[in-house]
Amino acid sequence: MAATDDPAYVDHPLLSPGFIERRLYQVRLAGTARAAHTLVCLPTGLGKTTVSLLVTADRLHEVGGKALFLAPTKPLVQQHADFYREALSIPEEEIVVFTGEIRPDDRAEAWDEARIVVATPQVVENDLVGSRISLSEVTHLTFDECHRASGDYAYVYIAERYHADAEKPLVTGMSASPGGDKEAILEVCENLGIGEVEVMTEEDADVDEYTHDTSVEWERIQLPDEILQIRDALNEVIKDRLQKLKSLGVTNTTQPDISQKQLNRMRGKLQELMDADKSDGYKGMSTHAEVMKLRRAVELVETQSVESVRRYFERQRNAARSSGASKASQRLVAEPKVREAMRLAESFDGTHPKFSRARILLAQTLGIEGGERVIVFTESRDTAEALTEFLSASFEVRKFVGQGDKESSEGMTQKEQQETLDAFRNGKFEVLVSTSVAEEGLDVPEVDLVLFFEPVPTAIRSIQRKGRTGRQAEGSVVVLLAEDTRDEAFFWISRRREKEMESELRDLKSVAGDIEAELDPEQRGLAAYEDGEGGDDGGEGADGGGEGADGGNEVADDESDAARVGSDESDKVGEAASSTSAERAESDAPATNGQAGLTDFGPTDEEIERAHAEDSGEKANDGDDEDGETSGATADADEDGEKGVVATAGTQDDEATEIVVDQRELDASIAKDLSKRDGVRTRLETLAVGDYVLSDRVAVERKSVADFLDTLLGDDRSIFEQIGDLARAYARPVLIVEGEGLYEERNVHPGAIRGALASLAVDFDVSVLQTRDADDTAELLLTIAEREQTERDRAVSVHGEKSAKTLAEQQEYVVSSIADIGPVTAQSLLQEFGTVEGVMTAREDDLREVSGIGKVTAERIREVVGSEYE
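Now for a description of the structure that goes with this document. The structure presented is a predicted model; accordingly, all values stated were derived computationally and were not measured. (Residues numbered from 1 in each chain as written. Predicted model: local features only at pLDDT ≥ 70, side-chain atom pairs only at ≥ 80, totals over all residues. Heavy atoms only, no water.)

1. Concerning a negative patch on the surface
Judged by side-chain charge, Glu109, Asp112, Glu113, Glu137 and Glu167 come together as a negatively charged surface patch. Considering the arrangement of structural elements, one finds glutamate 113 in helix H4 (residues 104-113). A relative accessible area of 62% places glutamate 113 in the exposed class. (Patch = residues over 30% accessible without salt bridge, like charges linked within 9 Å, V, L, I, M, F, W, Y side chains within 5 Å. Areas by Shrake-Rupley, 256 points an atom, 1.4 Å probe, with all protein chains shown as cover. Salt bridge = Lys/Arg side-chain N within 4 Å of Asp/Glu carboxyl O. Lys, Arg positive; Asp, Glu negative; His and termini not counted. Charge placed at Lys NZ, Arg CZ, Asp CG, Glu CD. Helix = DSSP H or I, 4+ residues; strand = E, 2+ residues; numbered from the N terminus. Buried < 20%, exposed > 50% of the residue type's maximum accessible area, 1.4 Å probe, protein only.)

Here you go:
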């Protein structure tokens, strides 16, 4: 990147003139990142995004293609897109934003026209699984806040697909805090296919001139007696519940300050009891849930505010009153000591001492010291709202919280978040009270004080919060710590982990040049794959990165499963990924070791035709006729264009086996697994019936063992209703029951389970198949799809809809809901009295004349129907 006439700015054909300040450390980092897959570790606020921007500009200019920038939250995505539009001399319409608010079809269309896409990873993951986009032309992929690349987070899957699909891949990972130890950092590198690590700290001379000292003060807060009384009442209940768990042999302590690690071990032991079908395990797990709820309440009252625990209790009361409330919730709110704690919280008319101390610190910073802006961080949204209200009496304050909340607390829209940040930058208010949403990467303005309302026990989050100050001028960080509470433990954990991370980063910095030796060879830089035609300009040399992608794919395969259960499982995934459709087709031939292939155990065409000819039932015409056309139910569904949507199986790859996946199946790993296979194309749709469509006649409903049993026991759509809809829409419906322990998972009589399976197979003519796990299910789905589309030459067609309830079914539903009498008894009542009205007005004596209705049930029906509504 050549210097301009004004050496203070970076000059490049794709950069806006005089916009990017020339900082030597950024130019050096970009130089490394443009030549190899690189992890860039740089303190918050020192321009990691600028480093990525420089690499993107270079790749688009020298190599072409398009760039993809991934960030974990919508506000971050919008922020980065705005920065790119301002910094690059590229038409704004060619820099597009992908979030869940944009329709999938619109994203697919925008992808083709864009040069730069800034997106949340979940959206890109969905579009890849749905075959709406391709990464083949992406020449630079940036993972912002890349420390998230572990487990089943979307970054891992996207990186694997990128290295496998892109012609000229280049990865840049960015984080101020990539992991708590060296192993975590190496895991991130492996998951993203990174082979170079560039670490710069504030101690580096190039960086030091752009930073200022940040002082960290820990202020101890003493809790008043009223708050301690609430805590002590809750701790007594915790002791009592732990005593019960101790009697089960799953713990040896009853101290209320039990650690989360101990609680996790306890849960594991209880799970073992449940797996052995011991009733103590179920009782103990319910008690364990109470302990967890109580510990949360204690944590809130100690470290947050009385208002936050008051709101927490209110939610627990509401949960206990709701239908289907857990016994743990019901016992919790009925416990006398908990009720006493609730009463004390309701009657408390003061404030947590942290509130008053926060107000004093803000007055010192903004008043006496003449500061302009302060950020207050808190873990609890309830506390954020209470703090905003409390501090607003003295300062201009606004809250900054996430967009959704499972506990129904009011959130902020993306537009509200952006407007709040813009107003803060422009000085329209002076105090921002934020939850963790502002921790990662958001360009929150330089502030004079960062106030931690509580210690943060995670080094990554603590470092990111501190990074909000001290970037352009001296700033300070204050952490409020309530004495003799969990704050104390978090304090020491935070201190230890931060020191460990600082040490690891220093160590990592010293060995960064040798890190390739600790990663698989496939993770090394692009230069390792140069064929001699490329140079150091990051242009042609990038071709080699594509050749190295296969090996990188193997590494990511091991990490793509959230469980990461070991080499045996990853080997199976690797084998599956390497098996192409062509290889599967060749499996008809005898194996070299003399063993028969899979298809040797299948029926011959003659056997299938004979079976069809001999079938005299209602589905005699549902199979193939001589012309290969489908008659019966499938043909009916396809005649009406509104009923059937035929997939365009040949639009992208005529040879690919297509599998249509229901959007709601994305929580499982199956769709992602299938989407990574050679010769397989997955397509996402919101299916009216079924979970997977494999041809014009085969659709699959997948149930885990637990889900299958739930549909037998629950009030939602039963398995028979779902399979009935599936059978009406497709000639060859399939039910896959996934997992083991079908007869042990729930307290359901084995005879009832066998009866259900028999009915599905005989009455509904459904093929009921069982698989071991998700991997086994994926293999089975692919086998059926290839058999249908390759061997039978059948197209994929999506059709069918959930059946509307008939009038009789609606009448049965209304009557069955009375006093939970159920559908069978409802039918008897309707047959006896003729109408719903007749059932409702029947006398108790007449009700008892009906089969299945005893004295108690008759009284209950009359009570429900005839009682005053209150």
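2. Quick notes on the sheet that holds strand S20 (residues 767-771)
Taken in spatial order, the six strands line up as S16-S15-S17-S18-S19-S20 in an open sheet, and their pairing is mixed. Single-partner strands in this sheet number two, and they are strand S16 (680-685) and S20. As defined by bridge partners, strand S19 (residues 732-738) adjoins S20 across five bridges and the pair is classed as parallel. Along S20, the bridge assignment pairs glutamate 738 with threonine 771. Here helix H28 (residues 719-729) sits on the sheet in contact with strand S18 (698-704) and S19, set at roughly 165 degrees to S18. (Pairing = 2+ DSSP bridges. Contact = heavy atoms within 4.5 Å. Axes fitted to C-alpha atoms, helices over the stretch in contact; angles between N-to-C directions.)

3. Quick look at the sheet that holds strand S4 (residues 116-119)
The strand order S3-S4-S2-S5-S6-S1-S7 describes an open sheet built from seven strands, whose pairing is parallel. With one partner strand each, in any of the chains shown, strand S3 (95-98) and strand S7 (196-199) form the two edges of the open sheet. When strand polarity is set aside, the average angle formed by the axes of neighbouring strands in this sheet is 15 degrees. With four bridges joining them, strand S1 (residues 38-41) and S7 adopt parallel strand pairing. Residue pairing in the sheet places cysteine 41 in a bridge with valine 199 of S7.

4. Focus: the packing of helix H13 (residues 327-334) against helix H14 (residues 336-347)
In the contact formed by H13 and H14, the axes pass within 5 Å of each other and the chain directions differ by 65 degrees. Between H13 and H14, the interaxial angle falls into the category roughly perpendicular. Contact with H13, carried on its side by Leu332, Val333 and Ala334, involves Pro336, Val338, Arg339 and Met342 of H14 and no other residues of that element. Residues of the contact of H13 with H14, tallied by class, amount to six nonpolar, no polar and one charged. (Parallel < 35°, antiparallel > 145°, perpendicular 65-115°, else oblique. Nonpolar A, V, L, I, M, F, W, Y, C, P; charged D, E, K, R; others polar.)

5. Let's talk about unusual backbone geometry
The backbone of glutamate 145 shows a phi angle near 50 degrees, a positive value even though the residue is not glycine. The backbone of aspartate 484 shows a phi angle near 55 degrees, a positive value even though the residue is not glycine. One can find aspartate 484 in the loop between strand S13 (475-482) and helix H19 (486-511). Look at aspartate 484 and you get exposed, because its relative accessible area is 63%.

6. Description of the pattern of salt bridges
Under the criterion given, the structure shown has 48 salt bridges. With its nearest N and O atoms 3.4 Å apart, the salt bridge here joins lysine 337 to glutamate 340. Linking lysine 337 with glutamate 340, this pair stays in helix H14, spanning three residues, or about one helical turn. Judged by its relative accessible area of 27%, lysine 337 is partly exposed. Residue classification places glutamate 340 among the partly exposed positions, given a relative accessible area of 29%. Note that arginine 794 and glutamate 788 form a salt bridge whose closest N and O atoms lie 3.9 Å from each other. One exposure class covers both arginine 794 and glutamate 788, and it is buried. In this structure, a network of salt bridges that share partners links the residues Glu307, Arg310, Arg311, Arg315, Asp382, Glu385 and Lys399.

7. Concerning the environment of glycine 741
When you line up the elements, glycine 741 lands in the loop between S19 and helix H29 (750-762). Between the C-alpha atoms of glycine 741 and aspartate 275, which are 466 residues apart in sequence, the distance is 9.4 Å.

8. As for the packing of aromatic side chains
The final tally for this structure, using the stated rule, is eleven aromatic pairs. Where phenylalanine 19 meets phenylalanine 83, the ring centres are 6.2 Å apart and the plane angle is 40 degrees; that geometry is what we call tilted. Pair noted here: phenylalanine 19 is in the segment before helix H1 (24-33) and phenylalanine 83 is in helix H3 (residues 74-87), with a separation of 64 residues, a long-range link. Taking the relative accessible area as the measure of exposure, phenylalanine 19 reaches 29% and is therefore partly exposed. Relative to tyrosine 84, the ring of phenylalanine 83 lies with its centre 6.2 Å away and its plane at 70 degrees, an arrangement referred to as edge-to-face. Among the aromatic residues, ring-to-ring pairing joins Phe19, Phe69, Phe83 and Tyr84 into one connected group. Residue placement shows lysine 354 over the ring face of phenylalanine 453; its charged tip is 5.3 Å from the ring centre. For the cation-ring pair, arginine 754 lies above tyrosine 743, with the distance from its terminal atom to the ring centre recorded as 5.1 Å. (Phe/Tyr/Trp six-rings, centres within 6.5 Å; stacked < 30°, edge-to-face > 60°. Lys NZ or Arg CZ within 6 Å of the ring centre and 35° of its normal.)

9. Things to note about the nonpolar core
Leu68, Leu70, Phe143, Ile158, Leu192 and Leu694 are the most contacted members of the largest nonpolar core, which has 57 residues in total. Residues within four places of leucine 694 in sequence aside, it is in contact with Glu658, Ile659, Val700, Leu781, Ile784, Ala785, Glu788, Gln789 and Val796. Among the nonpolar cores identified, the runner-up in size contains 38 residues, and Ile221, Phe395, Leu449 and Val477 belong to it. (Core = buried A, V, L, I, M, F, W, Y, C linked by side-chain atoms within 4.5 Å.)

10. Describing the state of the cysteines
Put plainly, two cysteines are in a disulfide when a covalent bond ties their sulfur atoms together. Scanning the entire structure with this criterion turns up zero disulfides. Cysteine 189 takes part in no disulfide bond, and the closest cysteine sulfur, belonging to cysteine 146, lies 7.6 Å away. Of the residues examined, cysteine 189 reaches a relative accessible area of 0% and is grouped as buried. (Disulfide = S-S within 2.5 Å.)

11. Topic: helix H30 (residues 774-791)
Taking 1.5 Å per residue, 18 residues should reach 26 Å; H30 reaches 25 Å between its end C-alpha atoms and fits that length. Taking the backbone nitrogen of aspartate 775 as reference, a side-chain oxygen 3.3 Å away marks aspartate 773 as the first, capping residue of H30. Residue aspartate 793 follows H30 closely and has a positive phi angle near 55 degrees. (Expected span 1.5 Å × (residues − 1). Polar contact = N/O pair within 3.5 Å; in protein donor to acceptor, adjacent residues only side chain to side chain.)

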